[in-house]
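As a plain string of letters, each chain reads:
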Amino acid sequence: MISSWRVKQAARVVWAGGVIAYPTEAVWGLGCDPWDSDAVHRLLALKERPVDKGLILIADNHHQFDFLLEDLPDAWLDKLSSTWPGPNTWLVPHQNRLPQWITGQHDTVALRVTDHPLIGELCALTGPLVSTSANPAGRPAARSRLRVEQYFPRELDAVLNGPLGGRRHPSTIRDLRSGEVIRPS
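Under an unreviewed UniProt entry, the name given to the protein chain is Threonylcarbamoyl-AMP synthase, and the source organism is Stutzerimonas nosocomialis. Here is the UniProt Subcellular location (unreviewed entry) comment for the protein chain, exactly as written: "Cytoplasm".

The following block contains the structure:
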């Protein structure tokens, strides 16, 4: 895959520890390198979100999550592969393989393989990214670049412009162990 110049620029910002905004399947998101504690804590501060809630990680394919999925039961892997890529976020046991600033107080981590082409391109370069809605806590999720810039007029290091993916609602969140729907789409 040949990445566009704007995607490469966004990847450079992520690699440098920046926080970016980008379009997702339904709303605008904020993202950063999940392994960069400073970047994640800065993103959480922008959102006014407590670290104990945990964050979603997105990837361009399930192999980017192999370090978390490699020893899960086949039935669970079949569930994941039957819904990815797409608007399905799964709460997967993290087995202490991720930092607490990603998992919060949970023994699971929220994972999604995106079907948004622009973000897939970005994740192909960066690896998994933090993905959380682009809004301060208690405010509606941004559905336009303008709203993102109104919420965060000078705080972001980059905005990767592009269209939303055409979905009306954020992804469904399900618990992989129980199958319970935590957030319907």
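A. View of the overall build of the protein chain. A tally of helices and strands in the protein chain yields seven helices and nine strands. The C-alpha atoms of the protein chain give 15 Å as radius of gyration, which agrees with the globular expectation for 185 residues (16 Å, within 12%). Here the protein chain, with 185 residues, has 49% of them falling under the buried criterion. Put simply, of all contacts in the protein chain between residues at least 6 apart along the chain, 68% involve residues at least 24 apart. For the protein chain, the computed accessible surface area is about 8,800 Å², with 51% contributed by carbon and sulfur atoms. Distance between charge centroids for the protein chain: 9 Å, based on 20 positive and 20 negative side chains.

B. Main features of the UniProt feature "domain: YrdC-like" (unreviewed entry) in the protein chain. The UniProt feature table records "domain: YrdC-like" (unreviewed entry) at residues 4-185. With 31% helix and 21% strand, the stretch residues 4-185 has end C-alpha atoms that lie 30 Å from each other.

C. Region of interest: the packing of aromatic side chains. Taken as a whole, this structure holds three aromatic pairs when the rule is applied. Seen in terms of ring centroids, Phe65 and Trp84 are 6.0 Å apart; in terms of plane orientation they differ by 50°. Their pairing is tilted. Note that Phe65 is positioned in the loop between strand S3 (56-59) and helix H3 (66-69) and Trp84 in the loop between helix H4 (74-83) and strand S4 (88-93), a separation of 19 residues in sequence. Judged by relative accessible area, which is 0%, Phe65 ranks as buried. On the basis of an interplanar angle of 70° and a centroid distance of 6.2 Å, the ring pair of Tyr151 and Phe152 is categorised as edge-to-face. The same class applies to Tyr151 and to Phe152, which are both buried. For the cation-ring pair, Arg147 lies above Tyr151, with the distance from its terminal atom to the ring centre recorded as 5.8 Å.

D. Spotlight on the sheet that holds strand S1 (residues 20-23). Strand order in the open sheet formed by nine strands is S7-S1-S2-S6-S3-S5-S4-S8-S9, with mixed pairing between adjacent strands. Among the strands making up the open sheet, the edge pair consists of strand S7 (158-159) and strand S9 (181-183). Pairing analysis gives four bridges linking S1 to strand S2 (residues 28-31), with the strands arranged antiparallel. Following the sheet pairing, Tyr22 is matched in S2 by Gly29. Packed onto the sheet, helix H6 (residues 117-126) meets S1, S3 and strand S6 (129-133) and runs at close to 140° relative to S1.

E. Broad picture of unusual backbone geometry. In the segment running from Trp84 into Pro85, the intervening peptide bond is cis, with an omega of -10°. On the secondary structure map, Pro85 appears in the loop between H4 and S4. Of note, the phi angle at Gln95 is positive, near 50°, even though the residue is not glycine. Checked against the element boundaries, Gln95 lands in the loop between S4 and helix H5 (100-103).

F. Representation of the pattern of salt bridges within the structure. One pass over the structure, following the stated rule, counts eight salt bridges. Linking Glu149 and Arg145 is a salt bridge whose minimum nitrogen-to-oxygen distance equals 2.7 Å. Here the residue Glu149 and the residue Arg145 both occupy positions in helix H7 (residues 145-151), the gap between them amounting to four residues, near one helical turn. Accessibility expressed as a relative area gives 33% for Glu149, which makes it partly exposed.

What counts, and where the lines are drawn
- Residues numbered from 1 in each chain as written.
- Predicted model: local features only at pLDDT ≥ 70, side-chain atom pairs only at ≥ 80, totals over all residues.
- Heavy atoms only, no water.
- UniProt positions renumbered as here; feature names shortened; annotations may be inferred.
- Helix = DSSP H or I, 4+ residues; strand = E, 2+ residues; numbered from the N terminus.
- Rg over C-alpha atoms; globule rule 2.2 N^0.38 Å.
- Buried < 20%, exposed > 50% of the residue type's maximum accessible area, 1.4 Å probe, protein only.
- Contact = heavy atoms within 4.5 Å.
- Areas by Shrake-Rupley, 256 points an atom, 1.4 Å probe, with all protein chains shown as cover.
- Lys, Arg positive; Asp, Glu negative; His and termini not counted.
- Charge placed at Lys NZ, Arg CZ, Asp CG, Glu CD.
- Phe/Tyr/Trp six-rings, centres within 6.5 Å; stacked < 30°, edge-to-face > 60°.
- Lys NZ or Arg CZ within 6 Å of the ring centre and 35° of its normal.
- Pairing = 2+ DSSP bridges.
- Axes fitted to C-alpha atoms, helices over the stretch in contact; angles between N-to-C directions.
- Salt bridge = Lys/Arg side-chain N within 4 Å of Asp/Glu carboxyl O.

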